[in-house]
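One-letter residues, chain by chain:
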Amino acid sequence: KKSEPNGNSAGDAAEKSSNSPKSTNDPSTENSSDNSDKETAKSKEKSPEPIEIDFERIHERVRRISIPNSFEGGLLFSPDGKRLAFNASVDGKRGWYTVEFPSELSPKLLTTETGREAVWTEKANGILYLTDGVPTKVDTNGKTEKYSFRVAQIASRAGWLQSGFEAAWLVMREVWYDSRFANRNWDDIRRKYSAAAAAAQDTASLASIVELMLGELNGSHLGFSPSGAQGGARGQTNDGWTDVTAHLGVRFDSSYQGPGLLVRDVIIDGPADKEVSKLIAGDVILSVDRKPVDPALDLTLILNGRLDRDLALKVRRKTGEAEESIEVDIVLRPISYAVARSLLYEQWLESNRKIVDKASGGRLGYLHIRAMDMGSFYEFERQLYNVGYGREALVIDVRDNGGGSTTDLLLTALTQPRHAITVPRGGGQGYPQDRAIFASWSKPIVVLCNQNSYSNAEIFSHAIKTLGRGKIVGVQTAGGVVSTGSAQVNDVGNIRVPFRGWFLIGTGDDMEMNGCVPDEILWPMPGELPAGIDRQLDKAVELLLKEVGAGQSDRQLKYTTER
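What comes next is a walk through the structure. Everything numeric here is computed off the predicted structure, so don't read it as measured data. Here the residue index of a chain counts from 1 through its sequence in written order. For a predicted model such as this one, the threshold for reporting local features is a pLDDT of at least 70, and the threshold for listing and counting side-chain atom pairs is 80 or more; totals across whole chains, interfaces and linings nevertheless cover every residue. Side-chain numbers here rest on the full set of heavy atoms in the structure, without hydrogens or water.

1. A look at helix 4 (residues 186-198)
No. 1: The terminal C-alpha atoms of helix 4 lie 18 Å apart, and with 13 residues this matches the ideal 18 Å at 1.5 Å per residue to within 8%.
No. 2: Axes are fitted to the seven residues ending at a residue and to the seven starting at it; the angle between these axes is taken as the bend at that residue. Secondary structure elements are defined from DSSP: runs of H or I of at least 4 residues count as helices, runs of E of at least 2 residues count as strands, and each element is numbered from the N terminus. Remark: the principal bend of helix 4, roughly 30 degrees, maps to Lys192.
No. 3: Using a 1.4 Å probe on the protein chains alone, a residue whose accessible area is under 20% of its type maximum counts as buried, one over 50% counts as exposed, and one in between counts as partly exposed. All buried positions along helix 4 are accounted for by Trp186, Ile189, Tyr193, Ser194 and Ala197.
No. 4: Note on contacts: a residue pair qualifies if any of its non-hydrogen atoms lie within 4.5 Å across the two residues. Where helix 4 is buried, its residues meet helix 3 (157-175) and helix 5 (203-215).
No. 5: Contacts described as polar in this section are N or O atom pairs within 3.5 Å, which, within protein, must combine one atom able to donate a hydrogen with one able to accept it, while residues neighboring in sequence count only if both atoms come from side chains. Put simply, Asn185 is the residue that caps the front of helix 4, since its side-chain oxygen is 3.1 Å from the backbone nitrogen of Asp187. To estimate how far a helix should reach, multiply one less than its number of residues by 1.5 Å.

2. Re helix 5
No. 1: Taking 1.5 Å per residue, 13 residues should reach 18 Å; helix 5 reaches 18 Å between its end C-alpha atoms and fits that length.
No. 2: Where the residues of helix 5 are buried, they touch helix 3, helix 4, strand 9 (224-226) and strand 23 (493-501).

3. A few points about the sheet that holds strand 23
No. 1: Only when DSSP finds a minimum of two bridges between them are two strands counted as paired. Strand order in this open sheet of three strands is 9-23-22, and the pairing throughout is antiparallel. Strands at the two margins of the open sheet, each flanked by one partner only, are strand 9 and strand 22 (482-489). The sheet shows a mean angle of 25 degrees between the axes of neighbouring strands, taken without regard to direction.
No. 2: In the sheet, strand 22 pairs with strand 23 via eight bridges, with the strands oriented antiparallel. By the bridge assignment, Gly485 is partnered in strand 23 with Val497.
No. 3: Comment: axis = line fitted to C-alpha atoms, over the contacting stretch for helices; angle = value between 0 and 180 degrees taken between N-to-C directions. Together, strand 22 and strand 23 form the strand contacts of helix 3, whose direction differs from that of strand 23 by roughly 10 degrees.
No. 4: Packing of helix 5 onto the sheet brings it into contact with strand 9 and strand 23, and relative to strand 9 it is tilted by some 175 degrees.

4. Things to note about a nonpolar patch on the surface
No. 1: Exposure above 30% relative accessible area and the absence of a salt bridge qualify a residue for a patch, where like charges join within 9 Å and nonpolar side chains (Val, Leu, Ile, Met, Phe, Trp, Tyr) within 5 Å. To be clear on the numbers: accessible area is Shrake-Rupley with a 1.4 Å probe, and residue cover counts the displayed protein chains and nothing else. The salt bridge criterion pairs a side-chain nitrogen of Lys or Arg with a carboxyl oxygen of Asp or Glu, the two atoms within 4 Å. Side chains of Ile51, Ile53, Phe55 and Ile58 sit close together on the surface and give an oily, nonpolar patch of about 470 Å² of accessible area.
No. 2: Assignment of secondary structure puts Ile51 in the loop between helix 2 (27-46) and strand 1 (73-77).
No. 3: Look at Ile51 and you get exposed, because its relative accessible area is 76%.

5. Remarks on the side chain of Thr136
No. 1: Within the secondary structure layout, Thr136 lies in strand 7 (residues 134-139).
No. 2: Within the local environment of Thr136, its side chain forms a polar contact with the backbone oxygen of Val134, the two atoms lying 3.0 Å apart.
No. 3: Every residue in contact with Thr136, bar those within four places of it in the chain, is listed here: Glu113, Ile127, Leu128, Tyr129, Thr131, Thr144, Glu145 and Lys146.

6. Quick word on the pattern of salt bridges
No. 1: Summed over all chains, the structure comprises 24 salt bridges.
No. 2: The residue Asp357 makes a salt bridge to Arg391 at a minimum N-O spacing of 3.0 Å. Remark: Arg391 occurs in the loop between helix 8 (374-386) and strand 19 (393-397) and Asp357 occurs in helix 7 (residues 337-360); sequence separation between them is 34 residues.
No. 3: In this structure, Asp397 and Arg399 form a salt bridge, with 2.9 Å as the shortest nitrogen-oxygen distance. Pair check on accessibility: Asp397 and Arg399 agree, each one buried.

7. Re the packing of helix 4 against helix 5
No. 1: Contact geometry of helix 4 with helix 5 gives a least axis separation of 10 Å together with a crossing angle of 160 degrees. With respect to each other, helix 4 and helix 5 are oriented roughly antiparallel. Between helix 4 and helix 5 the crossing geometry is right-handed. In contact with Trp186, Ile189, Tyr193, Ala196 and Ala197 of helix 4, helix 5 contributes Leu206, Ile209, Leu212 and Met213.
No. 2: All residues other than Ala, Val, Leu, Ile, Met, Phe, Trp, Tyr, Cys, Pro, Asp, Glu, Lys and Arg, Gly among them, are scored as polar; the first ten of these are nonpolar and the last four charged. Considered class by class, the residues forming the contact of helix 4 with helix 5 number nine nonpolar, no polar and no charged. When an angle is under 35 degrees it counts as roughly parallel; over 145 it counts as roughly antiparallel; between 65 and 115 it counts as roughly perpendicular; any other value is oblique. Crossing handedness is read from the near helix: turned anticlockwise from the far helix by less than a right angle, it gives a left-handed crossing, and turned clockwise, a right-handed one.

8. Digging into the side chain of Lys137
No. 1: If you trace the backbone, Lys137 turns up in strand 7.
No. 2: We treat Lys and Arg as the positive residues and Asp and Glu as the negative residues; His and chain ends play no part in the count. Of the side chains with opposite charge, Glu145 lies nearest to the buried Lys137, which makes no salt bridge, at 4.3 Å.
No. 3: Polar side-chain contacts of Lys137 include one of 2.9 Å to the backbone oxygen of Ala124.
No. 4: Ignoring any residue separated from it by four or fewer positions in sequence, one finds Lys137 in contact with Ala124, Ile127, Leu128, Lys143, Thr144, Glu145 and Tyr147.

9. Digging into the nonpolar core
No. 1: In terms of nonpolar packing, the biggest core is built from 29 residues, with Phe165, Met172, Trp186, Leu206, Val210, Met213 and Ile495 touching the most fellow members.
No. 2: Only helix 3, helix 4, helix 5, strand 22 and strand 23 provide two or more residues apiece to this core.
No. 3: Looking at this core element by element, the count peaks at seven residues for helix 3.
No. 4: Apart from the residues within four sequence positions on either side, Leu206 is in contact with Leu161, Phe165, Ala197, Ala200 and Val492.
No. 5: The next biggest cluster of nonpolar side chains, apart from the first, holds 26 residues, and it includes Phe377, Leu384, Ile445 and Ile464. Each nonpolar core is a collection of buried residues, namely Ala, Val, Leu, Ile, Met, Phe, Trp, Tyr and Cys, held together in the definition by side-chain atoms within 4.5 Å.

10. Examining the packing of aromatic side chains
No. 1: Only Phe, Tyr and Trp rings are paired, with Trp represented by its six-membered ring, and only when their centres lie within 6.5 Å; those with planes under 30 degrees apart are stacked, over 60 edge-to-face, the remainder tilted. With the rule as written, the count across this model stands at eleven aromatic pairs.
No. 2: Taking the centre distance of 6.1 Å and the plane angle of 35 degrees together, the rings of Tyr345 and Trp348 count as tilted. Of this pair, Tyr345 and Trp348 both sit in helix 7, three residues apart, which is roughly one turn of the helix.
No. 3: Of the residues examined, Tyr345 reaches a relative accessible area of 13% and is grouped as buried.
No. 4: Arranged with centres 6.1 Å apart and planes meeting at 25 degrees, the rings of Phe377 and Phe380 form a pair that is stacked. Note that Phe377 and Phe380 are positioned in helix 8 at a spacing of three residues, about one turn of the helix. One exposure class covers both Phe377 and Phe380, and it is buried.
No. 5: Taken together, the aromatic side chains of Trp169, Trp176, Tyr177, Phe181 and Trp186 make up a single cluster linked through ring pairs.
No. 6: Sitting over a ring, as applied to charges here, requires NZ of Lys or CZ of Arg to be within 6 Å of the ring centre and within 35 degrees of the ring normal. Of note, Arg190 hangs over the ring of Trp169, and the distance from its end group to the ring centre comes to 5.4 Å.
No. 7: In this structure, Arg370 is placed above the aromatic ring of Tyr345, and the distance from its NZ or CZ to the ring centre is 3.9 Å.

In structure tokens, the structure reads:
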């Protein structure tokens, strides 16, 4: 290139200088280079490759991970989304398991130790959780570390309990299903009990104050349970067994004045109903463990103790001849009151079935739903085949049912649409039960309820009446209907939290404080039920016999048509 007189050669020199490597001794050029590299790195960090999701028919690409005989919980995705951890029991072994997407979908055991409040973080390269209050980490290889520590703490008991009270009040303010708080001023209620909470001495007394506060709402499914046991177990012996009042498996005649105790009846399948230790109605128990007994004696003085012991009874028994009797020695192993009550329940069921069967000439069946849980629902299905087979109608009893959550399952069984009949060659009409969701019943029913029917048992009674599925007999249910949960209150206790109300279709009535009112209201008179007189059951039989007397009733025809 030719040189120009106007100094282009200098320009060339500058151009060459600008194109040549910069001096490493120049700090300004060094910083400029570093900043440029950092900006480039940041740019790369801020601009990850875009993720494109093909949403077209994405639902058809779902794949289920099936683990036989296992209940999974506590699902956690790894930070990169490629692994999933969960609590499960696989082949009888409980622990944390992982699967990896998309190839390794068979669960792999990470650790047999589980905990709560788990999180999976990138920084920890594993799962952090609490085991009995101790922070614990399990890494992706299954290595477990615990981070136990002790910290000295000075705390104000009054402040601790006061803050627990405030937390309980706050939970209800934020979650209770009725935003109007049953037309109460919830802030004013807090002020009313705040001073008492500050003066509480322990969690038990705080629980009493919180429950007084909750009582102002006049609602159901409320309560507060303090943390930790208050005092030791009463009646506990040195080897860990707890004393209880033993039950002999018999009931006594309260009108008998003595001497001894007159056996009125024997509980079927109880300890006094066995061949080696059999008592019979009319026996008089004279002594228990060589101690004389009579109606004026407090039997707990003799029967309290461990259940795993034999009791020796001296019994006077009639021989069958007039006024003649013998004394026999019987040894039996007692049961608890809870077991005796369960046996009596089965006896009561069988008695009611016989009453209904006899009163209807075998046309009606009877079943009782003890609770609104899955065990009771499965029993309901079994009894549909047992007591319902060949019957024209059913008495369904939900008296003394404490509730649960299975109303909709029961309604599915009782309101199953009928669209066809099946007739095999040479056979009668039927329907393929193996194709139905549940065992079903489409014939007439009457439902029995009472003041001890609670929660989901009330929802069931309301539903039968609302749908016109059958008549209700008994007395108004308790009026305690709300969906409830629970919440931890700091470290002082646990509070029940009704979070969802139930309202009748049509009227919009809140089922809380508005129990189901039967079509036929019948209160049992004092002493009737213990004497075996059940006018509610008698009325249910009467109504059903009228309904099936001339075939299907207008009510049932209307119900079937609407369905």
